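Secondary and tertiary structure notes
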Amino acid sequence: MIVLLRSLLCSMVLAGTVAQSSLGETVVIPAQFDATLIAGSAAQELANGAGEFLFVGVDTGSAIARSVMRFAVDGAVPAGSRITSAQLRLTVALGVGNAALFPLAASWNEGPTAPAGKLIAEDARRGDVTWRHRFFSLDEEERTPWEEPGGDLAAQNALAVAQSGPNGTYVFGGQSFMLEVQRVAARPDLNFGWILLGNEGAANSLVCFVSREGQDPDLRPVLVIEYEPLSSLERLTLSFDQLETIGGAGVELERQDYWKPRMEGKTALEAELSRPNASAADRRGSVFVADTYAHAIRRIDPDGSIHTVAGMNDAGFDGDGPALERLLDQPMGIFLLKDGTVYITDQGNGRVRKIDAEGMLTTVATAPDGIVGGRGLWVSKDESELVYGDGRVIRRWRRDQPDAIETFASGFRNVGHLDVDDSGGEIRMLAVDMEREQVYLVSADGSKRVVAGGDRFGLDLPAVDTRLSEPRAARWLGDGSYVIGTKGGGRIWHVGSDAIARILLEGTGAGNVRNGDGATLAELYASKTAIMSQCYDVRLTPDGSLLLTTNDSGFIRVLRKHPTPAILAIQPAASGGVRLTWPARPAVTYVIETSPDLQSWVRSFSVTATGQTVSYTDVSEDLLRHYRVRVYP
């Protein structure tokens, strides 16, 4: 039976426009679902889920109408962005009167019913949302009722109230509504949409709006959001976890040997390191340290213990052989290969040497005139060539010409650490000139140009203009950006794709400061906490963590990469679809990827956590797919 509630012709539609803001970014989101709830008699279930119009208020027959709508905010606004303005805009087709917007507390199903002609509702069918049911069915066992007829309101106070404005539009905005949009953007699993109430205390107060099925796309409901996206640096900070000191007692400050036999095999936090200049991690989580003025290479294992892997804690040279039975002289640089081979610049002995998996120390290249500095070291994957810093130049050794060490790049005053990105097939080297206080980008042919380091003091300046105080290391982060560690000021700078130098981590440049353990990178960045005195090296570990060699007293510290979470549960959702739950850290954005075959993965949706766990409902009709959760900068 078709029920005629009101002979209402909604044909007079006025033109509406969506304004764009000149401030920040603006996104216009169309309604994902909308429907009208009609209060029929006890024997009637009426619906309008697919009609061209929405209704609120009371008609002359005393029937109350309310409208529900939902907008897919997640994914439309970049994760972590700060929403500065939000407006819901509806186009009026007929009627005038106040309308109030409230949040819904439960999910609902739009439904297929589209009233024909002059009707505003028809008998409900399976899948419709109605006055009494979130999901209606002729089979009573399939029905899902509202807790309260007319829709479950999540709050008694309206988010916004509006009346017809210019061009026949209703605009819902204001602070409360903006905060509501921010909430559902951060928690899409709680986005149940909104319900619109008209003047329900007066007869003949019905107002008609164009629905998302309206014939003119320009007049359909839209949610207009203005936002300020997170900077690339802010996104980077959210991808790291807590800062942890893993080695160094931090007692002594002078350039001499402080190693004691009692430290061997004990906790690395009680070991007195001797002005280490570099550290690097392997794939098992062990960290190798160039303990420079103790003339040795140490290894800090994941269990926190420290072990000597090369050197006898005295300076000298006595040839190659078992690494623990051979002398080193001020090892400066260190580089690890995937198979566990450790390369070092044995600076005092003018040699580049390697320690293999069997613990044998072998000289690879001997510099005829010795090595000055020697912090910078890079080795190709196949070990066919290597480059190292040598005072005013960068030297290159090749396996096919083992006795001919050539100048690869020149024109420096004192080369510091080097880092090479060869992931794109083309070698891009970052080289620090410690004396000129600049960072160079060196090409495969040895040509170079300054990319950071200038004469201007200040923040957020172009990197080429920014004054860097005693830079020691510059390292690629894998996304085209890089970080610079400075001894002076104890800072770590970040240079992104916009070539602007920004302070990522603060320091003091003096004393023996070690602060911030237990805090996340996002917290340290926001608070500007001075975490160290000097930075001697900074580099990525194989798992993406940030490894720091700091302070004259010698601390080895790690900013852990935020771990990839395991999905705790995948369950059918009450409202349909699949509900996923996983452990989380507040403010971190998680990307859910899906795959039909476990081979190719697609980023399907993202969620920003507000608590220790995250739940998200995938309402896709494709149930034959796999899920995984990832964290990206």
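Look up: the structure comes first, before these words.
Here's a quick rundown of the structure.

Reading the values: rules and limits
Residues numbered from 1 in each chain as written. Predicted model: local features only at pLDDT ≥ 70, side-chain atom pairs only at ≥ 80, totals over all residues. Heavy atoms only, no water. Helix = DSSP H or I, 4+ residues; strand = E, 2+ residues; numbered from the N terminus. Rg over C-alpha atoms; globule rule 2.2 N^0.38 Å. Contact = heavy atoms within 4.5 Å. Areas by Shrake-Rupley, 256 points an atom, 1.4 Å probe, with all protein chains shown as cover. Lys, Arg positive; Asp, Glu negative; His and termini not counted. Charge placed at Lys NZ, Arg CZ, Asp CG, Glu CD. Phe/Tyr/Trp six-rings, centres within 6.5 Å; stacked < 30°, edge-to-face > 60°. Buried < 20%, exposed > 50% of the residue type's maximum accessible area, 1.4 Å probe, protein only. Lys NZ or Arg CZ within 6 Å of the ring centre and 35° of its normal. Core = buried A, V, L, I, M, F, W, Y, C linked by side-chain atoms within 4.5 Å. Pairing = 2+ DSSP bridges. Axes fitted to C-alpha atoms, helices over the stretch in contact; angles between N-to-C directions. Salt bridge = Lys/Arg side-chain N within 4 Å of Asp/Glu carboxyl O.

In this section: the overall build of the protein. Each helix and strand in the protein was counted, giving three helices and 48 strands. Taken over C-alpha atoms, the radius of gyration comes to 32 Å for the protein, far larger than the 26 Å a tight globule of 633 residues would show. Counting contacts in the protein only where the partners sit at least 6 residues apart, residues at least 24 apart contribute 59% of the total. Just so you have it, the protein exposes about 26,700 Å², and 48% of that area is on carbon and sulfur atoms. Taken as two groups, the 61 positive and 80 negative side-chain charges of the protein have centres that lie 3 Å from each other.

Our focus in this paragraph is the packing of aromatic side chains. Going through the model one piece at a time under the given rule, you end up with eight aromatic pairs. Between the aromatic rings of Phe412 and Tyr440, the centroid separation amounts to 5.2 Å while the plane-to-plane angle is 80°, which identifies the pairing as edge-to-face. Here Phe412 is found in the loop between β29 (401–409) and β30 (415–421), whereas its partner Tyr440 is found in strand β32 (residues 438–442), with 28 residues between them in sequence. Assigned by exposure class, Phe412 and Tyr440 land together as buried. Through a chain of ring-to-ring contacts, the aromatic side chains of Phe71, Phe177 and Trp194 assemble into a single cluster. Sitting over the face of the ring of Phe412, Lys448 holds its NZ or CZ atom 5.2 Å from the ring centroid. Just above the ring of Phe555 sits the side chain of Arg514; from NZ or CZ to the centre is 5.4 Å.

One recurring pattern in soluble globular proteins: nonpolar side chains tend to sit buried together. Within the largest apolar cluster, 33 residues are counted, with the highest numbers of intra-cluster contacts made by Phe172, Phe177 and Ile225. Counting residues in each nonpolar core, the second largest holds 26 residues, with Tyr343, Val387, Phe408 and Val442 among its members.

Let's shift gears to the sheet that holds strand β28 (residues 393–398). Pairing is antiparallel in the open sheet, where four strands are placed in the order β26-β27-β28-β29. Of all the strands in the sheet, just β26 (377–379) and β29 have a single pairing partner and so form its edges. For this sheet, the mean inter-axis angle between neighbouring strands, taken without regard to orientation, is 20°. Bridging between β26 and strand β27 (residues 385–390) involves three bridges; their strand directions are antiparallel. Across the sheet, residue Val379 finds its bridge partner in β27, namely Leu386.

What follows deals with the sheet that holds strand β20 (residues 306–310). Backbone hydrogen bonds hold the strands of a sheet together, and the pairing may be parallel or antiparallel. Read across the sheet, four strands follow the order β17-β18-β19-β20 without closing on themselves; strand pairing throughout is antiparallel. With one partner strand each, in any of the chains shown, β17 (278–281) and β20 form the two edges of the open sheet. Strand-to-strand twist of the sheet, defined as the mean angle between neighbouring strand axes without regard to direction, takes the value 25°.

The subject of this paragraph is the pattern of salt bridges. Pairing is possible between side chains of opposite charge, provided their charged atoms come close. Scanning the entire structure with this criterion turns up 35 salt bridges. One salt bridge in this structure joins Arg353 and Asp346, with 2.8 Å as the shortest N-O distance. Both residues of the pair, Arg353 and Asp346, count as buried. For Arg514, the salt bridge goes to Asp517, with nearest N and O atoms at 4.0 Å. On the basis of relative accessible area, Asp517 is assigned to the partly exposed category, the value being 37%. Each of the salt bridges in this network shares a partner with another, and the network as a whole consists of Glu385, Arg396, Arg398 and Glu406.

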